[in-house]
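Descriptive structure summary
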Amino acid sequence: LEKYPVDLERDAAMLKAAGVDALFCPPRSEVYPRGVPALNLAYPGIMQRLCGAHRPGHFEGVLLIVHNLLQWVNPARAYFGLKDYQQYLLIKKMALDLEFTSEIIGCPLIREENGLAMSSRNVRLSAGGRTQALAISQAIFYAADLYREGKPIGEVQSALLSKLQPLEVEYAELCDAETLEPLNAQRPATALGADRHGRHPGR
């Protein structure tokens, strides 16, 4: 959390402009008055793959924070971006398993004019890094087209990796859209990838 860009004033202004009525943003001392609890919400099968393999402990932290948010606020609906698809699946599964009444809704990824996926972390990219990051979406779009054409899974996977060669790739895979297991047959699928620009991950 300490590494993420934080600009509450900008966020509040954007939310107000969008018609938001209230902003729930308690200080850390209220969220964790006795320190971060040792409670461990884990789904080893999904968590140990993709982003989870490169960011140990990340998703456990995400689930703890979202668990508390849903418990405290109890919203009718909670919205999460599909840009972080693995995170969305884990939150949806947790809410279902713990019987939260909130409906978990995935929001389509929104892109900047040049095609770069919008993210608060984009402010940490250099001009060159922003240009290089476009290779991610271009590779995924290309692989998706091949998949829709019915090309063999291995050929699509190879094409995805080849398009990402200029980048320092952490992972790039075609996965089952529900389990995130490696794809081995034509069925609902998602293409997921992450790379690093300097020290910072991008997706």
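Residues numbered from 1 in each chain as written. Predicted model: local features only at pLDDT ≥ 70, side-chain atom pairs only at ≥ 80, totals over all residues. Heavy atoms only, no water.

Looking at the pairing of strand S2 (residues 103-107)
Two strands pair when backbone bridges link them, and strand S1 (residues 77-81) and S2 are joined in this way by 5 bridges, in the parallel orientation. Bridged to Arg77 within S2 is Glu103. Chirality of the crossover, the property in question, places the unit of S1, helix H6 (residues 85-97) and S2 among those that are right-handed. (Pairing = 2+ DSSP bridges. Helix = DSSP H or I, 4+ residues; strand = E, 2+ residues; numbered from the N terminus. Right-handed = clockwise from strand over helix to strand, strands pointing away.)

Quick notes on the packing of aromatic side chains
Counted by the stated rule, this structure contains 1 aromatic pair. Taken together, a centroid distance of 6.1 Å and an interplanar angle of 45° make the contact between Tyr85 and Tyr88 tilted. Remark: Tyr88 and Tyr85 occur in helix H6; sequence separation between them is 3 residues, near one turn of the helix. (Phe/Tyr/Trp six-rings, centres within 6.5 Å; stacked < 30°, edge-to-face > 60°.)

Structural notes on the nonpolar core
Counting 28 residues, the largest nonpolar core has Leu63, Leu70, Ile104 and Leu180 as its most contacted members. With 7 residues, H6 is the single largest residue contributor to this core. Excluding its chain neighbours within four sequence positions, the residues that come into contact with Leu70 are Pro75, Ala78, Met94, Ala95, Phe100, Ser102 and Ile104. (Core = buried A, V, L, I, M, F, W, Y, C linked by side-chain atoms within 4.5 Å. Buried < 20%, exposed > 50% of the residue type's maximum accessible area, 1.4 Å probe, protein only. Contact = heavy atoms within 4.5 Å.)

A word on helix H7 (residues 127-148)
Between its terminal C-alpha atoms H7 stretches 33 Å, which fits the 32 Å expected from 22 residues at 1.5 Å a residue. Gly129, Ala133, Leu134, Ala135, Ile136, Ser137, Ala139, Ala143, Leu146 and Tyr147 are the residues of H7 that are buried. Once H7 ends, the next one or two residues include Gly150, with phi positive near 85°. (Expected span 1.5 Å × (residues − 1).)

With respect to the side chain of Thr190
Position of Thr190 among the secondary structure elements: in strand S4 (residues 189-197). Setting aside residues no more than four positions away along its own chain, Thr190 makes contact with Tyr85, Glu173, Leu174, Cys175, Asp176, Ala177 and Leu180.

A few points about the environment of Arg10
Here Arg10 is to be found in helix H1 (residues 8-17). Polar contacts involving the side chain of Arg10 include one to the side chain of Asp11, which spans 3.1 Å. (Polar contact = N/O pair within 3.5 Å; in protein donor to acceptor, adjacent residues only side chain to side chain.)

Remarks on the environment of Phe24
Position of Phe24 relative to the elements: it lies in the loop between H1 and helix H2 (28-31). Sequence separation between Phe24 and Leu69 is 45 residues; the distance between their C-alpha atoms is 9.4 Å. Those residues in contact with Phe24 that lie beyond four places of it in its chain are Leu69, Trp72 and Val73.

Topic: the pattern of salt bridges
With the rule as written, the count across this model stands at 5 salt bridges. Between Glu173 and Arg49 there is a salt bridge; the shortest N-O distance is 2.7 Å. Residue Glu173 is found in strand S3 (residues 168-176), and its partner Arg49 is found in the loop between helix H3 (44-47) and helix H4 (51-54); the two are separated by 124 residues along the sequence. (Salt bridge = Lys/Arg side-chain N within 4 Å of Asp/Glu carboxyl O.)

Some words on the packing of H7 against helix H8 (residues 153-163)
Viewed as axis vectors pointing N to C, H7 and H8 meet at an angle of 165°, and their least axial separation amounts to 9 Å. Overall, the two elements H7 and H8 adopt an arrangement that is roughly antiparallel. Judged by the sense of rotation from one axis to the other, the crossing of H7 with H8 is right-handed. Only Ile153, Val156, Ala159, Leu160 and Lys163 of H8 make contact with H7, whose side of the interface consists of Ala135, Ala139, Ile140, Tyr142, Ala143, Leu146 and Tyr147. Residue classes in the contact of H7 with H8 are distributed as 11 nonpolar, no polar and 1 charged. (Axes fitted to C-alpha atoms, helices over the stretch in contact; angles between N-to-C directions. Parallel < 35°, antiparallel > 145°, perpendicular 65-115°, else oblique. Left-handed = near helix turned anticlockwise from the far one by under 90°. Nonpolar A, V, L, I, M, F, W, Y, C, P; charged D, E, K, R; others polar.)

So, unusual backbone geometry
Even without being glycine, Leu50 reaches a positive phi, approximately 55°. Note that Leu50 resides in the loop between H3 and H4. Here Leu180, not a glycine, exhibits a phi torsion of approximately 65°, which is positive.

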